[in-house]
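A structural walkthrough
Okay, here's what each chain looks like letter by letter:
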2 protein chains.
Amino acid sequence: MEKLQSLAHDIEKYILNLLEDEGDNIISLRRKELAEMFSCVPSQINYVLRSRFRPEHGFLIDSRRGEHGYIKILRVTCETPDEKLNHIAGLVGDEISLKEARRLLEALQERELITGRERLLIEIALRHLAEGAGNVETEEMADLLKSMLGSIMTV
Amino acid sequence: MEKLQSLAHDIEKYILNLLEDEGDNIISLRRKELAEMFSCVPSQINYVLRSRFRPEHGFLIDSRRGEHGYIKILRVTCETPDEKLNHIAGLVGDEISLKEARRLLEALQERELITGRERLLIEIALRHLAEGAGNVETEEMADLLKSMLGSIMTV
DNA sequence: ATTTTTTAGGTCAGGGATAATCAATCACAT
DNA sequence: ATGTGATTGATTATCCCTGACCTAAAAAAT
């Protein structure tokens, strides 16, 4: 019955549990200790962070090296359920124009799902992308928009 | 009482407390005295200032040598939106790496000039840009970062 | 008035202690 | 066979701290 999960999965769950216990949405780790606890190489911790605690997932990482070094994991948003991510993906689609994106963002702000400042940030990022390349970027715009919305849309 | 934090951290907190107590936004120190108080080498004070009281942290340093020497620490205050824009533009500069940008965003969130959600959005946009282009993107990153920060600082 | 001495603070390189990165390899599913 | 995710270890970068040497300003000596 015991489904053997990957080490990365176990470490992820351990970190999420720590966050759950804290209630303060921020925890501080020592990479070396965590690696010892799971009997793995320290860089494995970085792999877990890179693959599961990115900004897209609503997390921010602050770290310091040297003596008294640490890794702080900050949970900015609650976990966005797949259901909601699918909804966002549906709204955005595989490709999107700047004009369509603007309409979508306006609607989201209207529903108070994002703030005016957040809407500005997203619009600027998309505009920068659109102005950069020629016209094959509607797909890329859709990807970026989904990443950004996915990171801040809370449950 | 165990020493849990680094010496630099303790000195930082001591200075911040002084600033807090003063109520005013400026304090004056003697490097030698402070070093003696913490039983360390005087240059350690310089290290603390260099690593924690830079403009990106919201401080300016003024000092004088010789008899009646001093180190003054001034907390930056941006009264007008214009000052805020200039401050940000100066911090970002003409070019910036992804690593530098992340550090800056951490400081800005610490200063409560941006929220965690806004930091998420900016980090995602910058990383998207950095990973997309291969090479000479430090200028473009600086432009995008200034655009994004500038847009929300005035709201 | 000029020079010398004294009294500060500044800069830099280096070493120990961490964490980050990267390329190689492994594991497993398709 | 191939592709994706997981794991490792070697290398690189960063942080903290010290101490040797440098510079500036004021006082003292001339």
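Below, the structure is looked at part by part. Everything quoted here is computed from the prediction, not taken from an experiment.

**Comments concerning the packing of aromatic side chains**
Residues and elements named next belong to chain A. Evaluated as defined, the whole model comprises four aromatic pairs over all chains. Ring geometry for Tyr-14 against Phe-38: centres 5.6 Å apart, planes inclined by 75°, an arrangement best described as edge-to-face. Taken together, the residues Tyr-14 in helix H1 (residues 7–22) and Phe-38 in the loop between helix H2 (31–37) and helix H3 (43–52) connect sequence positions 24 residues apart. The ring of Tyr-70 has Lys-72 lying over it, and the distance from NZ or CZ to the ring centre is 4.7 Å.

**Concerning the protein's contact with DNA strand D**
Not every one of the 27 residues close to DNA strand D is listed here, only the nearest: Tyr47(A), Arg65(A), Ser43(B), Tyr47(B) and Arg65(B). For DNA strand D, the backbone makes up 64% of the atoms found within 4 Å of the protein, where backbone means sugar plus phosphate. Gln44(B) places a side-chain nitrogen or oxygen 2.8 Å from a phosphate oxygen of DNA strand D. Going through the elements one at a time, H1 and H3 of chain A together with helix H1 (7–22), helix H3 (43–52) and helix H5 (98–110) of chain B are the ones with two or more residues in the surface near DNA strand D.

**So, the interface of chain A and chain B**
On the side of chain B, 29 residues touch chain A, which itself brings 32 residues to the contact. With both chains or domains summed, chain A and chain B bury close to 2700 Å², and 62% of this area falls on carbon and sulfur atoms. Of all residues in chain A, the largest losses of buried area upon contact with chain B belong to Arg117(A), Leu121(A) and His128(A), amounting jointly to 26% of the total for that side. The tally of links from chain A across to chain B stands at four salt bridges. Between Glu56(A) and Arg127(B) there is a salt bridge whose closest N-O contact spans 2.5 Å. At the junction of chain A and chain B, the tally comes to ten residue pairs in polar contact (both at pLDDT 80 or more). Put simply, the parts of the chain that give the side of chain A that touches chain B at least two residues each are strand E2 (59–64), helix H6 (116–132) and helix H7 (138–152) of chain A. When residues in the side of chain A that touches chain B are grouped by element, the largest group, nine residues, is from H6(A). Residue classes in the side of chain A that touches chain B are distributed as 17 nonpolar, eight polar and seven charged.

Definitions and cut-offs
- Residues numbered from 1 in each chain as written.
- Chains lettered and ligands numbered in written order.
- Predicted model: local features only at pLDDT ≥ 70, side-chain atom pairs only at ≥ 80, totals over all residues.
- Heavy atoms only, no water.
- Phe/Tyr/Trp six-rings, centres within 6.5 Å; stacked < 30°, edge-to-face > 60°.
- Helix = DSSP H or I, 4+ residues; strand = E, 2+ residues; numbered from the N terminus.
- Lys NZ or Arg CZ within 6 Å of the ring centre and 35° of its normal.
- Near = heavy atom within 4 Å.
- Polar contact = N/O pair within 3.5 Å; in protein donor to acceptor, adjacent residues only side chain to side chain.
- Contact = heavy atoms within 4.5 Å.
- Buried area = accessible area lost by both parts, 1.4 Å probe.
- Salt bridge = Lys/Arg side-chain N within 4 Å of Asp/Glu carboxyl O.
- Nonpolar A, V, L, I, M, F, W, Y, C, P; charged D, E, K, R; others polar.

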